[in-house]
Amino acid sequence: MLDYIEYEDFRAEVRAKVDEIVAPHAAAVDADDHIPNDVMKAVGELGWFGATAPVEYGGLGWDTVRYAVLVEEVSRASGSVGVLLAVQGSLITYPLQKYGTEEQINEYMPKFASGELLGSFGLTEPGAGSDAGNTKTTAVLDGDEWVINGQKCFITNTKRDWPCVCFATVRTDPEKSKGVRGVSSIIVPPDAPGFNYGRKENKMGLRGSDTSEIFFENCRVPKQNLLGELNEGFKLFMVALDAGRISIGAMALGLGQAALDLAVKHAETRVQFGKPIGTKQAIQWKIAEMATKIRAARFLVYSAGALKDADLPYTTEAAMAKYYAAQVGREVAYDAIQVHGGLGYDKSYPLERIYRDVKLDEIGEGTSEIQKIVISRNILQLKKK
Ligand code: CAA
């Protein structure tokens with residue numbers, strides 16, 4: 001049985017560091033649309049960019065549950081910093097370790113682990129969102145180089161003042177111009193000619209986390225930058241997204257926990273009609289519902305992580321964890337605003353930021369509707385037409 005109490009000492013250590021290096025900057029990160037480089041460096045010194053990377057490559061080698069606690073605790077302070085670690089640890093170092101060649105791992109893993117390099121997951125395109133197989137970006141071999149052309153959008157970890165590598169999904173089989181076949185994954189380093197950022201997306205929340213368009217214009221990378229097998233890139237991205245969905249669930253959990261903590265404190269201290277508002281049943285029931293949902297979401301997230309750590313199938317459970325934790329995070333943030341009344345609606349309080357940030361978790365790395373497709377398909381086991 002998963003008993004997450006064994007992770008509580010670890011959580012306390014992480015939380016103390018988060019309170020020191022992330023929390024004091026959280027409001028400014030949101031207001032300024034930017035994570036300061038001092039915060040990036042402090043996170044890097046703790047090794048958190050390489051939380052899931054193997055120890056022999058400079059990573060911390062943490063199991064998935066430990067990593068989920070990290071993402072949760074960082075997100076409890078700042079969703080913008082939390083999502084950065086969620087992408088780096090799940091969508092970048094994990095598939096690199098699983099599918100990379102020895103040369104690729106030697107070249108990139110230590111830099112990802114230290115935070116010298118950020119990684120972005122270049123799947124989404126204007127015409128390939130939920131329909132992730134509809135990749136239009138192409139890569140054609142020209143001698144010893146891939147020549148990449150196309151456009152990506154909504155790509156996280158495209159921080160303008162930090163070197164970022166893109167793991168790009170590209171169509172490599174011109175015979176299969178549609179669907180999930182004939183797609184590959186290619187590592188595009190930041191200095192590759194023809195690799196350019198477009199517009200920085202103007203997001204509702206997670207304002208400190210840079211999310212951008214990417215344009216590949218005759219972008220050239222060495223032939224050996226193919227990640228995984230030729231024309232098998234769709235599965236690689238799906239496997240990475242399974243892991244990513246655990247960390248997005250953890251992120252929602254951290255944001256929801258932050259909202260709950262604020263609501264509890266307010267209910268205990270805000271006096272109306274001569275008594276703390278927490279003495280009123282209307283508030284007590286809200287707190288009870290919020291706390292129960294957060295606890296249930298936590299078990300879902302950690303149990304998906306435990307399945308992954310045990311090398312057992314976890315696609316369905318990761319989708320459940322993301323779907324449920326994201327919904328709970330949004331509901332709890334909404335109720336916490338209600339408990340605060342006018343103060344919850346005020347930008348000088350963190351709740352409206354939390355509410356904006358957590359909404360992403362119902363959209364990014366597969367919408368809630370896509371998670372329900374994944375869950376139901378795996379349960380129903382109906383044959384494809
Ligand atoms: N693990 C391994 N293989 C998988 C898999 C998984 N989790 N999911 C699917 N596959 C395999 C299938 O077995 C199938 O292979 P075969 O045909 O050989 O059996 C193949 O992949 C195609 O699968 P489907 O037929 O299920 O494909 P589909 O087109 O119906 O799509 C989908 C399935 C679940 C809807 C998928 O497209 C999906 O998850 N969509 C959402 C994409 C998403 O999450 N996008 C957000 C990306 S986040 C981002 O880009 C921003 C950022 O910065 C982080």
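Please refer to the structure placed before this passage.
One structure accompanies this document, and this report is about it. In this convention, every chain numbers its residues from 1, walking through the sequence in written order. For a predicted model such as this one, the threshold for reporting local features is a pLDDT of at least 70, and the threshold for listing and counting side-chain atom pairs is 80 or more; totals across whole chains, interfaces and linings nevertheless cover every residue. Side-chain numbers here rest on the full set of heavy atoms in the structure, without hydrogens or water.

**A few points about helix H8 (residues 281–309)**
How we decide: For helices the rule is a DSSP run of H or I covering at least 4 residues; for strands it is a run of E covering at least 2, with both sets numbered from the N terminus onward. Any helix carries an expected span of 1.5 Å times its number of residues minus one. Only protein chains enter the accessibility calculation, which uses a 1.4 Å probe; a residue is then buried when its area is under 20% of its type maximum, exposed when over 50%, and partly exposed in between. Working rule for contacts: check all heavy atoms of both residues, and any pair within 4.5 Å makes them a contact.
Taking 1.5 Å of rise per residue, 29 residues should cover 42 Å, and H8 covers 42 Å from first to last C-alpha, within 8% of that figure. Residues of H8 that are buried: Ile 283, Ile 287, Met 290, Lys 293, Ile 294, Ala 297, Arg 298, Val 301, Tyr 302, Ala 304, Gly 305 and Lys 308. On its buried face, H8 sits against helix H1 (8–21), helix H4 (64–77), helix H5 (79–99), helix H7 (233–269) and helix H9 (315–340).

**What about unusual backbone geometry?**
In this structure, Leu 206 is a non-glycine residue whose phi angle is positive, near 50°. Mapped onto the fold, Leu 206 is located in the loop between strand E6 (195–200) and strand E7 (211–222). With phi around 50°, Phe 273 is a residue other than glycine that occupies positive phi space. Here Phe 273 lies in the loop between strand E9 (271–272) and strand E10 (275–276). Taking the relative accessible area as the measure of exposure, Phe 273 reaches 77% and is therefore exposed.

**Quick word on the pairing of strand E3 (residues 145–156)**
Applied cut-off: Any two strands between which DSSP finds at least two bridges are classified as paired.
Bridge count for strand E2 (residues 138–142) against E3 is 5 bridges, and the pairing is antiparallel. By the bridge assignment for E3, Ala 139 is matched with Ile 148. Here E3 pairs with E7 via 9 bridges, running antiparallel. Along E7, the bridge assignment pairs Glu 145 with Pro 222.

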